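Coordinate analysis (summary)
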Amino acid sequence: MPYPYRKLDAAGIEAIKSLTSPERVKAGPDILPEYCHDEMPEYGVFPPDLYVEAENTGEVSAVMRYGYDHNIPVVVRGAGTGLAGGSTCKYGGIMLSLMRMNRIFPVDRKNQTITCGPGALLLDVQAAAAAEGLFYPPDPGEKTATIGGNVITNAGGMKAVRYGLTRDFVRCMEAVLPDGSIVNFSSNVVKNTTGYDVKDLVIGSEGTLCILTQVTLKLLPAPKCTCTLVMPFPDLEACADMVPKVLDLPFTPTAIEFVERELLEIVERTLNKPFPVPGGGAVLIVMYDASSPGELEAACDAACDAALESGALDCMIADTPERIASVWEVRGAILEGMKADSVSQEECDVVVPRSAIAEYVKAAKRIALSHGIRVEPCGHAGDGNIHTEMLRDSGMSDEEWKTATHASLTELYDLSKRLGGQLSGEHGIGNGRLEFLEPFLGGRMIRLYKSIKLAFDERLVLNPGKIVEYHA
Ligand SMILES: Cc1cc2nc3c(=O)[nH]c(=O)nc-3n(C[C@H](O)[C@H](O)[C@H](O)COP(=O)(O)OP(=O)(O)OC[C@H]3O[C@@H](n4cnc5c(N)ncnc54)[C@H](O)[C@@H]3O)c2cc1C
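A brief report on the enclosed structure follows. Remember, predicted model here, so these are calculated numbers, not experimental data. (Residues numbered from 1 in each chain as written. Predicted model: local features only at pLDDT ≥ 70, side-chain atom pairs only at ≥ 80, totals over all residues. Heavy atoms only, no water.)

Attention now moves to the side chain of Ser-344. By the element assignment, Ser-344 lies in the loop between helix H11 (334-340) and strand S15 (345-348). In contact with Ser-344, not counting residues within four places along its chain, are Glu-42, Met-390, Leu-391, Arg-392 and Trp-401. (Helix = DSSP H or I, 4+ residues; strand = E, 2+ residues; numbered from the N terminus. Contact = heavy atoms within 4.5 Å.)

Structure (structure tokens):
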């Protein structure tokens, strides 16, 4: 095993500058503090020894090859919006930013695909597709994340209920392996059984197996019309009970999210974003896309009727762009609102079978409260991916917070497992959930994961200490 890693010396820094460009290389105090963590500094603050911005695949390959030859860790950085402590230099070394590799090629209409560099932002890819009357459906909450980050974390998001995950839209990719070789996983074809499906293995590998340097994504025809329903219920449990009823209707919803009123009020108070529907202890937000106004109306009518029969206090139909935006803007600002309203946060990102959503939500609240933690379960109710957000109030000491969150997480992961769920639905393992992975999956599975890691990265130089950990 290659521990301890070598420290980058002055000659190493000069070498990286010559492989890229001196203006795009920063060392020591010139590295901005934001590059020491992602959106969850709770999962580790680690200063890189060197920060490098690559402009093309050749540079990515050269820097990676340098790390491989000299036993220096390399960690890829997209926009740093990850929620798992993934894009951090846990063992020092080089942080390689791909934000400059943001080219978006013209839409390929014959194949209905779009090709882009890893640093292209999700919002720009969505807009480029829309400009051609097409649609890139994956819709994770953070639109300024990079498409490379989305693919390599297999980002989910609101519209997974109907359209699936980022994985379902990846046709092929170019990647750099830890030894610097440049490879292609699949090509722009609809199906492929040419050997092992490595493309699907590296999607969701959180930058531990390879570096994505270009990706081709599948597009769909844009839906003709869309609308959002807001159903306030007396409490979160009633909201959760409604989810299977919506799924049982003969119309596939695009998104089903739930949020407690308390959380909406936090966003209203801290970010001054009013939510358009008053009343109720919690709201269910349901979106439908359709190919005709008649189809949309039928879906909305059926869902509203079912909700009112099940105890909803109201069913507001948002069918203008402004009304729709007023709902989703508040939903999209929840993480920001929680950050403004607490000293720090911990997040449990479990996913449970849809049939177990209500049971999970009820038990999760009990568990966190029994450890004295304010808890706000919210999120992607339609696919059972419940973000169980724990908020730290100012009165809690570091020790109290650590002990209580650890105990809550241990119980919540046990609960998810018992209900047939998984430890993480979309935010991944990174560094933040590493210690919980082996107890969840068992030793045999971790050995398999380690074999996969070694098959790609036998020198353990690419994003070490994430998903799997090796000890010297
Ligand atoms: C407000 C908010 C809402 C969010 N909502 C969602 C949501 O609904 N669904 C969801 O799934 N996530 C969500 N996220 C999490 C985050 O946006 C996603 O994980 C996103 O995919 C990360 O992209 P990034 O460019 O920021 O990657 P980073 O945070 O920079 O990196 C994430 C991981 O990917 C690796 N990586 C990045 N780019 C590459 C590459 N080109 N090649 C190899 N490895 C790479 C990094 O090393 C790291 O391990 C949310 C985050 C925030 C802050």
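Attention now moves to the sheet that holds strand S4 (residues 94-97). In spatial order, the strands read S1-S2-S4-S3; together these four strands make up an open sheet with mixed pairing. In this open sheet, the two edge strands, each paired with only one partner strand, are strand S1 (25-27) and strand S3 (74-77). The mean angle between the axes of side-by-side strands here comes to 20°, regardless of whether they run parallel or antiparallel. Across four bridges, the pairing between S3 and S4 is parallel. Bridge pairing links Val-75 to Met-95 in S4. (Pairing = 2+ DSSP bridges. Axes fitted to C-alpha atoms, helices over the stretch in contact; angles between N-to-C directions.)

So, about the site of the ligand. The environment of the ligand is formed by 36 residues, the closest being Val-76, Gly-78, Thr-81, Gly-82 and Thr-146. With respect to the ligand, the backbone of Gly-82 contributes an N or O atom lying 2.8 Å from an oxygen atom. A distance of 3.5 Å is found between an oxygen atom of the ligand and a side-chain nitrogen or oxygen belonging to His-380. Of all the secondary structure elements, the ones that give two or more residues to the shell around the ligand are S3, helix H4 (147-152) and strand S9 (211-218). (Near = heavy atom within 4 Å. Polar contact = N/O pair within 3.5 Å; in protein donor to acceptor, adjacent residues only side chain to side chain.)

Moving on: the pattern of salt bridges. Within the structure shown, the criterion is met by 23 salt bridges. Measuring nitrogen to oxygen at the nearest pair gives 3.5 Å for the salt bridge that ties Glu-55 to Arg-24. Of this pair, Glu-55 sits in the loop between strand S2 (50-53) and helix H2 (57-70) while Arg-24 sits in the loop between helix H1 (10-19) and S1; the two residues are 31 residues apart in sequence, bridging distant segments of the chain. The class for Arg-24 is buried, based on a relative accessible area of 9%. Note that Arg-167 is salt-bridged to Asp-200, the shortest N-O span being 3.3 Å. Here Asp-200 lies in helix H6 (residues 198-202) and Arg-167 lies in the loop between helix H5 (160-163) and strand S7 (170-176), a separation of 33 residues in the sequence. Residue class for Arg-167 comes out partly exposed when judged on its relative accessible area of 26%. Given a relative accessible area of 28%, Asp-200 falls into the partly exposed group. (Salt bridge = Lys/Arg side-chain N within 4 Å of Asp/Glu carboxyl O. Buried < 20%, exposed > 50% of the residue type's maximum accessible area, 1.4 Å probe, protein only.)

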